[in-house]
Every structure is written in structure tokens, then in C-alpha cells.
Amino acid sequence: PMVKGAQRLGASGLCEGGSLEDAQACVNEGQGSSLSFRFFVGKVRWGQGQLDGELSSGTWFPVRCSEGFVLDESESLQDQPLWAKLASAVGGEVLDLGEKYDLL
């Protein structure tokens, strides 16, 4: 279901933006599952070239995952946060750093 104000992210079926009220209406009207939505608070903005520099320095670890991984409907409140599950699935340096800094 499309939420008013949401923008598709390529052909993935994922979207960004939109209103919480419209998402709630989609669920209430039976058009979608409440587990098909993820809301993140806050935003990071970079100056020109800043993100490239941070990626080059290893500040960020971009990883690919499937739409199903992001919208896993089996998630419960007792499970790890999405980013922690992703770090565990990716493993390697991402997992090592998460454990080193007690983030997992």
C-alpha cells in the first residue's frame, strides 16, 4: 500500500517518508500489516563530499540486504534491533566492531 507522501526507493518495493497517520489508516483499513512499516526518528545530513570521506575512512559500513530482511514480519519486541540483526548476518568486521563497542 502506498502511504501519502512516501517515495519509492527504486524497484525494491521499499519507500521512505510519508505520514504516520496514513500508515496507521492503511493498517486499520486492512491494506497492510503493521509489521510492514518501519519508522526511524532523526536524520543524518552530510555536506558535499562528507559521506564519501566517512565511507572511505571506515566510519560507515554500507551493506546490501533483501527487502524481506528489512521487513521481516516475525520480529517481536524481544528481538534485536534491525541494525544488530544485520550486523550479525553480515559478520566479519561489522560484527567485530559492534561487539567491540558493546553495541550488540
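Fair warning: this is a prediction, and the values are worked out from it, not measured in the lab. Along every chain, residues carry numbers that run from 1 in the direction the sequence is written. Given that the model is predicted, a residue must reach a pLDDT of at least 70 before its local features are reported, and side-chain atom pairs must reach 80 or more before they are shown or counted; all residues, however, enter totals for whole chains, interfaces and linings. Side-chain metrics rest on all non-hydrogen atoms present in the structure, leaving aside hydrogens and water.

*Asks:* Can you break down unusual backbone geometry residue by residue, with the values?
*Replies:* Leaving glycine out, the prevailing phi sign among residues is negative, and the prevailing peptide bond configuration is trans. Residues other than glycine seldom take positive phi values, yet aspartate 102 does so here, at roughly 55 degrees. Examined against the element boundaries, aspartate 102 turns out to sit in the segment after helix H5 (92-100). Working definition: helices are DSSP H or I runs of at least four residues, strands are E runs of at least two. Numbering for both runs from the N terminus.

*Asks:* Would you mind going over the side chain of glutamate 54 in detail, with residue names and values included?
*Replies:* Position of glutamate 54 relative to the elements: it lies in helix H2 (residues 50-57). Whether two residues are in contact is decided by their heavy atoms, any of which lying within 4.5 Å being enough. For glutamate 54, the residues in contact, after removing those within four places along its chain, are Trp46, Thr59 and Trp60.

*Asks:* An account of the environment of cysteine 15 is requested, with residue identities and associated values reported.
*Replies:* In this fold, cysteine 15 is placed in strand S2 (residues 15-17). Residue burial is assigned from relative accessible area. The probe radius is 1.4 Å, only protein chains are included, and a residue is buried under 20% of its type maximum, exposed over 50%, and partly exposed in between. Given a relative accessible area of 34%, cysteine 15 falls into the partly exposed group. Once you skip the residues sitting within four places of it in the chain, cysteine 15 turns out to touch Met2, Ala6, Gln7, Arg8 and Leu9.

*Asks:* How would you explain the state of the cysteines if you had to name every residue and give the values?
*Replies:* We call a pair of cysteine sulfur atoms a disulfide whenever their separation is within 2.5 Å. Counted by the stated rule, this structure contains zero disulfides. We note that cysteine 26 lacks a disulfide partner, and the nearest cysteine sulfur, in cysteine 15, lies 10 Å from it.

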